[in-house]
Amino acid sequence: APGPPSSDPLTPLIHTIVRAADMRKASNIVALRVTSCTSLTEFVVIVSGTSRPQNQAIAAAIVKDVEGTFVDEITGVGKRCLGK
């Protein structure tokens, strides 16, 4: 079984995503650790917005903050997921 979420090496990335979404007024922000449910991913972050422009702003803020903070850690797969 995985240890506590605070010891997960992806925790800083998840915090960055959540903060970026919050700064763009996302609501209902939930970060789920799904390592015991699937081998496809370790976390799922769900956020809500009230309009298409707000959702686009939330997504753009997340991409900007993740790229700005984790530029060296983003792999080719990560870049494709970020639309690069």
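Below: a short report on this structure.

Side note on the overall build of the protein chain
Now for step 1: Assigned secondary structure in the protein chain consists of 3 helices and 2 strands.
Now for step 2: Sorting the 84 residues of the protein chain into buried and exposed places 21% on the buried side.
Now for step 3: Put simply, 44% of the contacts in the protein chain that link residues at least 6 apart link residues at least 24 apart.

Looking at the packing of helix α1 (residues 11-23) against helix α2 (residues 52-70)
Now for step 1: For the pair α1 and α2, the least separation of the axes is 8 Å and the interaxial angle reads 145 degrees. The interaxial crossing formed by α1 with α2 has right-handed handedness. Together, Pro12, Leu13, Thr16, Ile17, Ala20 and Ala21 of α1 and Ile58, Ala61, Ile62, Asp65, Val66, Thr69 and Phe70 of α2 make up the contact between the two elements.
Now for step 2: Across the contact of α1 with α2, the residue classes tally to 10 nonpolar, 2 polar and 1 charged.

Considering the nonpolar core
Now for step 1: Ranked by size, the top nonpolar core spans 9 residues in total: Ile17, Ala20, Ala21, Ala26, Ile58, Ala61, Ile62, Val66 and Phe70.
Now for step 2: Of all the secondary structure elements, the ones that give two or more residues to this core are α1 and α2.
Now for step 3: The dominant element in this core, judged by the number of residues it contributes, is α2, at 5 residues.

Things to note about the environment of Val34
Now for step 1: Relative to the helices and strands, Val34 resides in the loop between β1 (27-33) and β2 (43-48).
Now for step 2: Separated by 10 residues in sequence, Val34 and Val44 have C-alpha atoms that sit 7.0 Å apart.
Now for step 3: Residues within four places of Val34 in sequence aside, it is in contact with Thr41, Glu42, Phe43 and Val44.

Quick word on the pattern of salt bridges
Now for step 1: Evaluated as defined, the whole model comprises 1 salt bridge.
Now for step 2: Asp8 is paired through a salt bridge with Arg33; the nearest N and O atoms lie 3.3 Å apart. One end of the pair, Asp8, is in the segment before α1; the other, Arg33, is in strand β1, and 25 residues separate them in sequence.

Rules used throughout
Residue positions are given per chain, counted from 1 along the sequence in the order it is written. Since the coordinates come from a predicted model, pLDDT governs what is reported: local features require at least 70, and pairs of side-chain atoms require 80 or more to be given and counted, while whole-chain, interface and lining totals use all residues. Side-chain numbers come from the whole structure's heavy atoms, not from hydrogens or water. For helices the rule is a DSSP run of H or I covering at least 4 residues; for strands it is a run of E covering at least 2, with both sets numbered from the N terminus onward. Burial classes follow relative accessibility: with a 1.4 Å probe on protein chains only, a residue under 20% of its type's maximum area counts as buried, one over 50% as exposed, and anything between as partly exposed. In what follows, a contact means two residues having at least one pair of non-hydrogen atoms within 4.5 Å. For every element, the axis is a line fit to its C-alpha atoms; helices are fit only across the contacting stretch, and the angle between N-to-C directions ranges from 0 to 180 degrees. In this scheme the handedness of a crossing depends on how the near helix is turned from the far one: anticlockwise by less than a right angle means left-handed, clockwise means right-handed. Residues are sorted three ways: Asp, Glu, Lys and Arg are charged, Ala, Val, Leu, Ile, Met, Phe, Trp, Tyr, Cys and Pro are nonpolar, and all the rest, Gly among them, are polar. By nonpolar core we mean a set of buried residues, namely Ala, Val, Leu, Ile, Met, Phe, Trp, Tyr and Cys, connected to one another through side-chain atoms within 4.5 Å. Throughout this description, the term salt bridge denotes a Lys or Arg side-chain nitrogen within 4 Å of a carboxyl oxygen of Asp or Glu.

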